[in-house]
Amino acid sequence: MNLDRYEPWRQQAMHDATLIDALTEERVDRVRWIARQHYEVTDAWFTLPGEDQQWRRTRVGALSTDIPDALSLAHRTLRHDALFVIEDARCHPEFTRHPLVVGSPGLRFYAGVPVRDHEGVGIGALCLVHTSPVSAAALNFDMLHVLASQIEDEIGHHLLTRRPPGLTLDDIDTLTGLPNRRFLQTLMKAELTLARQHRGHLSVCLLNLDGFKSINELHGSDIGDAVLRTVAARLRDAVRRKDLVIHLGGDEFVIVMRDVLQAEACQRILDQIRSPIETSGHVHALTASMGITGYPGDEADVDVLLHHAYQAMYSAKEAGKNGYCRFDLELHHARRARIAIVGDVHQALSQQRLELFYQPKIDYRDDTVAGFEGLLRWRLPSGEILPPGRFLPHVENTWLDVELSKYVIDKGLTALEHCMQRGLPYAVSVNVNPSCFLDSGFIDHLHQTLARHDQELVGKLTLEILESTSPQQDMDTIVANIRGCLRLGLQLSLDDFGTGQSSLSYLRTFPTQKIKIDRSFVIGMLDNPEDEAIVAAIIGLSKSFKRLVIAEGVENGAIESRLRALGCDLGQGFHYSPALPFEDAIEWAGEYCLHHRAF
């Protein structure tokens, strides 16, 4: 590394350091104090070398001394561009007559690490000095590197923004020597301030070790601690000096970077973890799952960024571990919107603002109204009525699936009671999700509810089970509960038939009395021979299995005529009527009967 080209800049840095000393004195001294106490040495210096003098911060304050480059220990450290150690200066041929060795303070041991600016240019050194010889093998210099990075924050960036206070012993993880969880909040707030002021980027990377728990269980916590120290050292090696590695605790680490984390860097970090780790005769194979997020793409709040990094890390775990996943803000907002809608639907449910509209079903065998399908609607306070497609997809596979199914069953039974009171023969069907049959609370509710009603009324209620959302797992439990519903006297229909992955299997497995052909096939059957063939096949299969077959999506008379010709039993769709409020639906059914009796 050619330092000469940077010498004018370094001279300016020395001058700037002297000017800003009043602002940073306490922070720099705190970092030096930690170094001195941790390593139990005579002093810890922060030194900025120049052409013919050097500025040095020591226990006695700031000193400016005339020392040429050839004799400057800090300059030598910068040229070495790494940790530079002299175990005993009196035995070192280059430093036996050094002014600091033969004179005050009588230096014997020296260990220095470079301090760089934000572009990686060395401007000074953080040094340990002792008046007695010290064996380098007896020391772990990880802490010195961490503390040097704090000096870089204070001096090397010229106070572009206020930096976090220097580390204290409480901010350092005693196991790894890295900054700890306590310091992370302070650090990230400062980094976010810097990124906002300079329109920069900030990447937050959270790592969780895969399989670390088994190492502790098999080999004990001492071996586990040794593995964590090795991982900490490897993570520091995998990133740049200006990046910061933090040990959150246990097997979790955070890396904070001042730019966008590229794929190559992610792989480099993971590769470091994958390399076998040897401890006391054991070889350990580890991987890591890593979650990444960052400002400005993500929200500029410390807790939010960390939470999102955790979410991304868990996604990496779910994807098979040993990899990384970036936080998807768009997907996150979609999930948040879904959670909000679920809350709104729950509130509407509790306030009775969900209601059933009824679409008639026409029996082609005697041209009468056989009954109605109850379809859920959401009546907003403004009076607007939302169709199910606007809210039901958001509550699928949530606890509201069960609650809504209970609700529509109760409403369907109420509609049947009104029909019976008026002497009307109509049946009612409602939609339920198959997953409800896995919920013991739903089954208990069903048993208790039906026990309160006349058996004739129960027999007119059909539960339509959506084939397209039937879970493959736990099918035996679903079928057993469906059989229980049949024993209670309910009718069951397999809805959306033909759209699922295992339609023929469900036809054999689900003991339902009715099959409903999905509207997508019915609507297209006149224009698409394949759709018509599917409809004809479903009708034929239904007859073979002795099931009543219903077609939804009857949009015009031509479709109705073709369905009748194919032997379809019932039909429903806009050719007859849209779904209507209960009283309107009953009125429509009466008019239909009068009209068709006249013919």
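Up top is the structure these notes are about.
Basis of the calculations
- Residues numbered from 1 in each chain as written.
- Predicted model: local features only at pLDDT ≥ 70, side-chain atom pairs only at ≥ 80, totals over all residues.
- Heavy atoms only, no water.
- Helix = DSSP H or I, 4+ residues; strand = E, 2+ residues; numbered from the N terminus.
- Contact = heavy atoms within 4.5 Å.
- Areas by Shrake-Rupley, 256 points an atom, 1.4 Å probe, with all protein chains shown as cover.
- Buried < 20%, exposed > 50% of the residue type's maximum accessible area, 1.4 Å probe, protein only.
- Pairing = 2+ DSSP bridges.
- Axes fitted to C-alpha atoms, helices over the stretch in contact; angles between N-to-C directions.

**Regarding the overall build of the protein chain**
Scanning the protein chain from N- to C-terminus turns up 20 helices and 22 strands. Restricting the contact set of the protein chain to residue pairs at least 6 apart, pairs at least 24 apart contribute 67%. Surface accessibility of the protein chain: about 27100 Å² in total, with carbon and sulfur atoms responsible for 50%.

**Examining unusual backbone geometry**
Of the consecutive residues Ser104 and Pro105, the connecting peptide bond is found in the cis state with omega at 15 degrees. Here the amide bond leading from Tyr295 into Pro296 is cis, since omega sits at 10 degrees, within 30 degrees of zero. The topology assignment puts Pro296 in the loop between β12 (287–295) and α9 (302–318). We note that Asp367 has phi near 55 degrees; this positive angle belongs to a residue other than glycine. When you line up the elements, Asp367 lands in the loop between β14 (354–363) and β15 (368–379). Using a relative accessible area of 26% as the deciding quantity, one classes Asp367 as partly exposed.

**A word on the sheet that holds strand β13 (residues 323–326)**
Read from one edge of the open sheet, five strands run β8-β9-β7-β12-β13, paired in mixed fashion. One side of each edge strand has no neighbouring strand; the edge strands of this open sheet are β8 (244–249) and β13. Adjacent strand axes in the sheet meet at a mean angle of 20 degrees when their direction is disregarded. Pairing of strand β7 (residues 202–210) with β12 involves nine bridges; the strand directions are antiparallel. Across the sheet, Asp210 pairs through a bridge with Thr287, a residue of β12. Here helix α7 (residues 221–238) sits on the sheet in contact with β7, β8 and β9 (252–257), set at roughly 15 degrees to β9.

That's the geometry; what it means functionally is another story.
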